[in-house]
Amino acid sequence: MVGAGPAGLTVGCVLRAAGVDCLVLETGTREFVERRPRAGVIEEPVVRGLERRGLAGTLLERARRDTACEFRFDGGRHPFGYHELTGHHHWVYPQQFLVTDLVREYADVRGGAVRFGVRDVRLHDLDGDRPSVSYVCPESGHREAVACDFVAGCDGARGVTGAAVAGRARVSRHDYGIGWLALLAEAPPSADRVLFGCHPDGFAGQMPRSPEVTRYYLQCPPGDDPGNWPHDRVWAELHRRLGAAGAEPLTEGPLIEKRVLDMHDYVTEPMSFGRLHLAGDAAHLVAPIAAKGLNLAVHDAFALGDAFVDRLLRGDGAGLAGYSASRLRQVWDYQEFSQWLSELYHGGASGDPFRAGTALARLRRLFSSPATAAAFAERYLGTAARY
Ligand code: APR
């Protein structure tokens, strides 16, 4: 596995549970991957999948189970109680906690091999029966090579495995033309649920992460400089865009992270090339609009880990042969949902009165049509039919 993110570590845990020899190669240090704040919303089907594989012990103890989110538009609060509607939850568990649990389980409990801090990873002979991966060892500075049966490309959006298939893969990209200023505030959440502010001046979001830290998002021009967003401007915009009649004022705090994300998606097809199989962000990126990236990565890893085990221990190659096609169905489904949701969030601030009108109609329909609400809940929670 190239990459010790959620995808690579989950594949590793599945392989180790079946007694398969494997190696995870990671450019960062263990401390770095265990501390890096990223996504934080996990779907119930992913939680159940982790639980079935003995990987959810700490998560089940520590994660918050959300029962509702809240839209704010037209100056009002519009709570959306998805648990009441479906019986399902959203789980809030920072990605770095999940990575910490998975590293411990993979390396310390299941005895999986891992090399942190490697440099210049290269892939060799992917189209033959005996591919290999080489890397520069951090201690010796020498290049070492490992022969293997398969390579799992789990090294995220800027890794080498996705790049290795450039020219052979079809990569479909979508650019939203929108930026999100991603903020982490050292402050307790202002509301105990996720807030979506759909405001004519731009989208704003609040995602509780822990009692001490809260994630906020503010729509901004793509490529904007975070330096254009001093503390006072950030909080003034958040107050305005998330303000609603009867809402508690936001709890302000120091901003410990401030990054501009240009909203874009891509999908690499197929996800398998000879002995290389891509998983997670290495294969597809979904803008954080619907919080689906981490979930897709773990869904990929379950499918890929199980397929490797079937092939290596039982000689059954059907899972690996079908891996790409079956995963791409869900990937495209989640991409479509992100697009749908993006228009709901951003249409009102598009400057186009027609789009603003249809976005508002879309929002109102969520709260007036039970069928629309049920369909939204199913897709938001990731509890739609299996792929
Ligand atoms: N060699 C080895 N490791 C690498 C290389 C490389 N050349 N390049 C990157 N990596 C490592 C990164 O340091 C990171 O730890 O691969 C790991 C990839 O992890 P993620 O980026 O978290 O990707 P993935 O496991 O697919 O999980 C997707 O991450 O971006 C978020 O929102 C996204 O939550 C989703 C999740």
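Before reading on, note that the structure itself is shown above.
Here the structure is a predicted model, which means the values were calculated and not measured.

**A short note on the site of the ligand**
Phase 1: Among the 25 residues in the neighbourhood of the ligand, the closest are listed as Glu 26, Arg 36, Arg 38, Gln 95 and Asp 281.
Phase 2: A distance of 2.9 Å separates an oxygen atom of the ligand from a polar atom in the backbone of Ala 7.
Phase 3: Leu 294 is positioned such that a nitrogen or oxygen atom in its backbone is 3.2 Å from an oxygen atom of the ligand.
Phase 4: Contact with the protein chains covers 88% of the free accessible surface of the ligand, which is 710 Å².
Phase 5: For the shell around the ligand, the secondary-structure elements that each account for two or more residues are helix 1 (6-17) and helix 9 (293-314).
Phase 6: Top contributing element to the shell around the ligand by residue count: helix 9, with 3 residues.
Phase 7: A class-by-class count of the residues in the shell around the ligand yields 12 nonpolar, 8 polar and 5 charged.

**Regarding the packing of helix 11 (residues 353-368) against helix 12 (residues 370-381)**
Phase 1: Interaxial distance between helix 11 and helix 12 falls to 6 Å at its minimum, and their mutual angle equals 100°. As judged from the angle between their axes, helix 11 and helix 12 are roughly perpendicular. Residues Arg 365, Leu 366 and Ser 368 of helix 11 lie in contact with helix 12, whose contacting residues are Pro 370, Thr 372, Ala 373 and Phe 376.
Phase 2: Split into classes, the residues belonging to the contact of helix 11 with helix 12 amount to 4 nonpolar, 2 polar and 1 charged.

Thresholds, definitions, all that
Residues numbered from 1 in each chain as written. Predicted model: local features only at pLDDT ≥ 70, side-chain atom pairs only at ≥ 80, totals over all residues. Heavy atoms only, no water. Near = heavy atom within 4 Å. Polar contact = N/O pair within 3.5 Å; in protein donor to acceptor, adjacent residues only side chain to side chain. Areas by Shrake-Rupley, 256 points an atom, 1.4 Å probe, with all protein chains shown as cover. Helix = DSSP H or I, 4+ residues; strand = E, 2+ residues; numbered from the N terminus. Nonpolar A, V, L, I, M, F, W, Y, C, P; charged D, E, K, R; others polar. Axes fitted to C-alpha atoms, helices over the stretch in contact; angles between N-to-C directions. Parallel < 35°, antiparallel > 145°, perpendicular 65-115°, else oblique. Contact = heavy atoms within 4.5 Å.

Nothing here speaks to function; it is all geometry.
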